[in-house]
Amino acid sequence: MQALYFVLGIPLLGSVVLAGCGHRGFARDVNVGFSLGTFVAACVLTAAVISGGPLFAWQHEFFIDPLNVFLVTLTAFVGLTTAIFSRPYMRVEEQRGKMTPPRLRLYHSMYQLFSFTMLLALTTNNMGILWVAMEAATLTTVMLVSVYRTAASLEAAWKYFILCGVGIAQALFGTVLLYMAAEKVIGAEGGALLWTHLDAVKAQLDPDIITLAFAFLFIGYGTKVGLVPLHNWLPDAHAEGPTPVSAVLSGLLLNVALYAILRFKVLTDGALSNQLAGHLMMGFGLTSVVVAAFFLWGRRDVKRMFAYSSIEHMGLITFAFGMGGPIATYAGLLHMTVHSLIKSAIFFAVGHATQQAGTQLMAEIRGLMKVSPTVGWGLMLGALAILGMPPFGVFASEFLILTTAMREHAWATPFLLLALGVAFAAIFARVQPMVFGDTSLQPLEHPPALLPVFVHLGLGLMLGLYIPPYLDEWYRQAARMIGG
Amino acid sequence: MNGYSGQFINLFAALLLLLAFAMISQRRIVSLIKLFTLQGATLVAATALVGYVTQQPHLYLSAALTFALKVVLIPWLLHRVINRLNVRWDVETLINIPTTMLVGIGLVMLSFYLASPISALSTTIMRGTLGIALACVLLSFLMMITRSKAVPQVIGFLAMENGLFFAATSATYGMPMVVELGIALDVLVGILILGVFMFQIREQFDSLDIRHLESLKED
């Protein structure tokens, strides 16, 4: 319980401290320090939940169960490694004049505030606060995306703000409707927006209101997940912001938005006897997978390409959760983890590569293997891992999702296979020349931080070969809760 | 007593809808801000009245918050922005105004259709107004789509927030206080960020036309 306050308090304090000194040379290390503190607190919290079961805090306003504690740890971990990656990255950007001291201060402060909003969204039990935290996360990432102040980054940030603002307003309407349904059962005083209370009475919630509420909530949070056709903001925001921001957007923000949908899915499934939530998620998920896979073709900007790959994978995860059942849900959770790890590792490698080349155009990034073999290997292995090559974890989860789809929803299998094949061809054809061949690129002024890349890839590899028993148990518990 | 207040609430709801239509048809930015302020004031009156009728003191607080934010602070900020940027006209809309109005009427019918099964279940005295609230949200959404300049888009965004607040009051007598405070904070921070953005967009493009922000095509 103490650990929870540290998990939320450290990043909040960090944002205040870095708002004061974020432009100094040591701020990069302070940023890593705060992220490390958050990660340690998250580990302690996880240990407490594993040994003691779900816990509440602050008059049931916070609630930790196997589902969100695993995401809290993942969020804190990726937050830490991204902070480590951003140290040399931002030094190079500063030397090249792209980051000035005020921008660095803004960047560091917003980075910590972003971590805070993510963790708040994950740990809160109040569905209204969940909305507030998601909106605050949008605001902080808008600042992060626009930090370069170039025409393109302003455009991306504006688009992001307006599209996600509209999307999340729909989610607020859904939350209002949910509250209306809950108030009839629980009463206005009894914490009618607390998820655990709602979960206890979900069978009594009015089906008509819940149907409409879920539709609005799904569209709202689905915009933030980047589901097609609500995905327009995502490639721009990924491509035009600094690369550490792309890594946390793909690795964390999309997960947290999907987490919100999962919470509402549990309530909706309890209130309705039909499979509305599941069918919506399957439909949107499958559309995202297929459309994003075809959009991968013809991309010239490397970050944009991997942003489309994120849409594809989020679609796949949404599809898996939509199918429901213990196996598909387990696979969805596993895929969430490995996608988050591998995709951020790819963005780390891509970040160093684009700095070496001075451009994000793939045609001008050549022969990474020669100039810095570690970046080249990182990108190559990362690309293979995200494409679902064994023995990486993505293979395991995609295999589970595909086999479940074949058994239960055979009609979807050809679409999935087609999309995965198209994505493979598109990404592999692009990455291969970037990594091999001759080059005129120069090594970076500062040694890149490659530890995070290989730690992430290593974990992704481990999850493909062997899932530790406690992690396995954890996924099972969470899967039972969501998938029924 | 209840009969009269019920009528008054319906009147305020109708006013909100009328103002939403007025905003769609308005081309001048200054008038747009005035209409937005008026909409905020109507919302405050409606919230306070519901609070009085139903004896829910927290609605007074919510009304006060709305007043400070939507009637005083945000209009003042918007006036400052347009004076500093010297944009008083929003000459073009992307679709002409009569067509937009017709689409708007369609949206109102759609919202009443969507809201009717739910209104029937509502036990509050404002049950007829949920459809209007949804209509306000969708009309503001329409305004955001059809405007090509930054300031009207932002006003559309804020008007949508108004519609959502009205929905919360009409469906459930307002959200829990902590949530309402959080929402107000988000709106305030959001508008500040957007204000800063407008200056930066102007600096970059020498114009606040959002159509400049369309260079990020698919490569």
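Residues numbered from 1 in each chain as written. Chains lettered and ligands numbered in written order. Predicted model: local features only at pLDDT ≥ 70, side-chain atom pairs only at ≥ 80, totals over all residues. Heavy atoms only, no water.

1. Some details on the overall build of chain A
The secondary structure content of chain A amounts to 19 helices and 2 strands. Across its three principal axes, chain A shows a C-alpha extent of roughly 65 × 55 × 45 Å. Relative to its 484 residues, chain A shows a buried fraction of 66%. For chain A, long-range pairs separated by at least 24 residues make up 81% of all intrachain contacts whose partners lie at least 6 apart in sequence. Total accessible area on chain A is roughly 14,600 Å²; 67% of this is exposed by carbon and sulfur atoms. Of note, chain A has its 26 positive side-chain charges centred 9 Å away from the centre of its 24 negative side-chain charges. (Helix = DSSP H or I, 4+ residues; strand = E, 2+ residues; numbered from the N terminus. Buried < 20%, exposed > 50% of the residue type's maximum accessible area, 1.4 Å probe, protein only. Contact = heavy atoms within 4.5 Å. Areas by Shrake-Rupley, 256 points an atom, 1.4 Å probe, with all protein chains shown as cover. Lys, Arg positive; Asp, Glu negative; His and termini not counted. Charge placed at Lys NZ, Arg CZ, Asp CG, Glu CD.)

2. Quick word on a nonpolar patch on the surface
Residues Tyr4, Phe8, Leu11, Leu15 and Leu18 of chain B make up a contiguous nonpolar surface patch of roughly 550 Å² in combined accessible area. Relative to the elements of secondary structure, Tyr4 of chain B occurs in helix H1 (residues 2-25). (Patch = residues over 30% accessible without salt bridge, like charges linked within 9 Å, V, L, I, M, F, W, Y side chains within 5 Å. Salt bridge = Lys/Arg side-chain N within 4 Å of Asp/Glu carboxyl O.)

3. Thoughts on the packing of helix H10 (residues 243-271) of chain A against helix H12 (residues 302-323) of chain A
Residue and element names in this part refer to chain A. Running from amino to carboxyl end, H10 crosses H12 at an angle of 20°, the nearest separation of the two axes being 11 Å. Taken together, the axes of H10 and H12 lie roughly parallel to each other. Every pair of crossing elements has a handedness; the one defined by H10 and H12 is right-handed. Contact residues: Thr243, Ser246, Ser250, Leu254, Asn255, Leu258, Leu262 and Lys265 in H10; Lys303, Ser310, Met314, Ile317, Thr318, Phe321 and Gly322 in H12. (Axes fitted to C-alpha atoms, helices over the stretch in contact; angles between N-to-C directions. Parallel < 35°, antiparallel > 145°, perpendicular 65-115°, else oblique. Left-handed = near helix turned anticlockwise from the far one by under 90°.)

4. What to know about helix H15 (residues 373-386) of chain A
Residues and elements named next belong to chain A. When the terminal C-alpha atoms of H15 are compared, their 20 Å separation across 14 residues agrees well with the 20 Å that a helix rising 1.5 Å per residue should span. When H15 is considered as a whole, its buried residues turn out to be Val375, Gly376, Gly378, Leu379, Met380, Gly382, Ala383, Ala385 and Ile386. Of the surrounding secondary structure, the elements contacted by the buried residues of H15 are H12, helix H13 (326-357), helix H14 (368-371), helix H16 (393-408), helix H17 (413-435) and helix H18 (451-465). Once H15 ends, the next one or two residues include Gly388, with phi positive near 85°. (Expected span 1.5 Å × (residues − 1).)

5. Overview of the interface of chain A and chain B
Across the boundary between the two partners, chain A contributes 51 residues, which contact 48 residues of chain B. Three residues, Glu155, Trp158 and Phe173 of chain A, lead the burial of chain A against chain B; their summed loss comes to 18% of the area buried on that side. At the boundary of chain A and chain B, one finds 0 salt bridges. Of all elements in the fold, only helix H5 (127-145), helix H6 (151-186), helix H8 (207-225), helix H9 (233-240) and H12 of chain A reach the threshold of two or more residues within the side of chain A that touches chain B. Looking at which element gives the most residues to the side of chain A that touches chain B, the answer is H6 of chain A, with 23 residues. (Buried area = accessible area lost by both parts, 1.4 Å probe.)

6. Remarks on the pattern of salt bridges
Residue and element names in this part refer to chain A. Under the definition given, this model contains 11 salt bridges over all chains. In this structure, Lys159 and Asp236 form a salt bridge, with 2.6 Å as the shortest nitrogen-oxygen distance. In this pair, Lys159 is assigned in helix H6 and Asp236 in helix H9, connecting sequence segments 77 residues apart. Assessed through its relative accessible area of 1%, Asp236 is described here as buried. In this structure, Glu473 engages Arg480 in a salt bridge whose closest nitrogen and oxygen atoms are separated by 4.0 Å.

7. A few points about H13 of chain A
Residues three or four positions apart in an α-helix share a direction because the helix packs 3.6 residues into each turn. All names here are of chain A. Here H13 spans 46 Å end to end across 32 residues, near enough to the 46 Å set by a 1.5 Å rise per residue. Along H13, 29 of the 32 residues are buried, which leaves the element largely enclosed by surrounding structure. Following H13 by one or two positions, Gly358 has its phi on the positive side, about 70°.

8. What to know about the packing of aromatic side chains
Residue and element names in this part refer to chain A. Per the stated rule, a full pass over the model turns up 19 aromatic pairs over all chains. For the ring pair Phe424 and Phe428, a centre distance of 5.6 Å and an interplane angle of 10° mean the geometry is stacked. Of this pair, Phe424 and Phe428 both sit in helix H17, 4 residues apart, roughly one helical turn. Classification of Phe424 by relative accessible area gives partly exposed; the value is 28%. A residue is classified by how much of its surface remains accessible, and Phe428, at 29% relative accessible area, is partly exposed. Each residue in the set Phe70, Tyr330, Trp474 and Tyr475 is aromatic and connected to the rest through ring pairs, giving one cluster. (Phe/Tyr/Trp six-rings, centres within 6.5 Å; stacked < 30°, edge-to-face > 60°.)

9. Notes on the confidence of the model for chain B
Residues and elements named next belong to chain B. Looking at chain B as a whole, the pLDDT averages 83, with 90% of positions reaching at least 70. Of all the helices and strands in chain B, helix H7 (residues 177-205) carries the lowest mean pLDDT, 82, while helix H2 (residues 29-54) carries the highest, 90. The ipTM, which scores confidence in the relative placement of chains, is 0.88 for this predicted complex, and the corresponding pTM is 0.92. (pLDDT = per-residue confidence, 0-100.)

10. Side note on unusual backbone geometry
Residue and element names in this part refer to chain A. A cis amide bond, omega 5°, links Val228 with the succeeding residue Pro229. Structurally, Pro229 is set in the loop between H8 and H9. Of note, the bond from Pro390 into Pro391 is cis; its omega dihedral lies within 30 degrees of zero at 5°. Of note, Pro391 is situated in the loop between H15 and H16. A positive phi angle is found at His60, which is not glycine, with a value near 65°. Looking at where His60 falls in the secondary structure, it is placed in the loop between strand S1 (55-57) and strand S2 (62-64). Of note in this structure, Arg149 is not a glycine but carries a positive phi near 65°.

11. With respect to the environment of Ala331 of chain A
All names here are of chain A. Following the sequence through the fold, Ala331 ends up in helix H13. As for Ala331 and Val225, which are separated by 106 residues in sequence, their C-alpha atoms are 18 Å apart. What Ala331 contacts, discounting residues up to four positions off in sequence, is Ser397, Leu400 and Ile401.

12. Points about the side chain of Ser250 of chain A
Residue and element names in this part refer to chain A. Positionally, Ser250 belongs in helix H10. Within the structure, Ser250 has its side chain in polar contact with the side chain of His238 (distance 2.8 Å). Sequence-distant contacts of Ser250, that is, excluding residues within four places in its chain, are made with His238, Ser310, His339, Lys343 and Phe347. (Polar contact = N/O pair within 3.5 Å; in protein donor to acceptor, adjacent residues only side chain to side chain.)

13. Describing the environment of Ile261 of chain A
Residue and element names in this part refer to chain A. For Ile261, the location among the structural elements is in helix H10. With a relative accessible area of 2%, Ile261 lands in the buried category. Separated by 187 residues in sequence, Ile261 and Pro448 place their C-alpha atoms 37 Å apart. Leaving out residues up to four positions away in the same chain, Ile261 has contacts with Phe214, Phe218, Tyr221, Gly222, Val225 and Met281.

14. Here we look at the nonpolar core
Grouped together as the largest cluster of nonpolar side chains are 268 residues, with contacts concentrated most on Trp158, Leu177, Tyr221, Phe306, Leu333 and Leu379 of chain A. Top element by residues in this core is H6 of chain A. It accounts for 21 residues. (Core = buried A, V, L, I, M, F, W, Y, C linked by side-chain atoms within 4.5 Å.)

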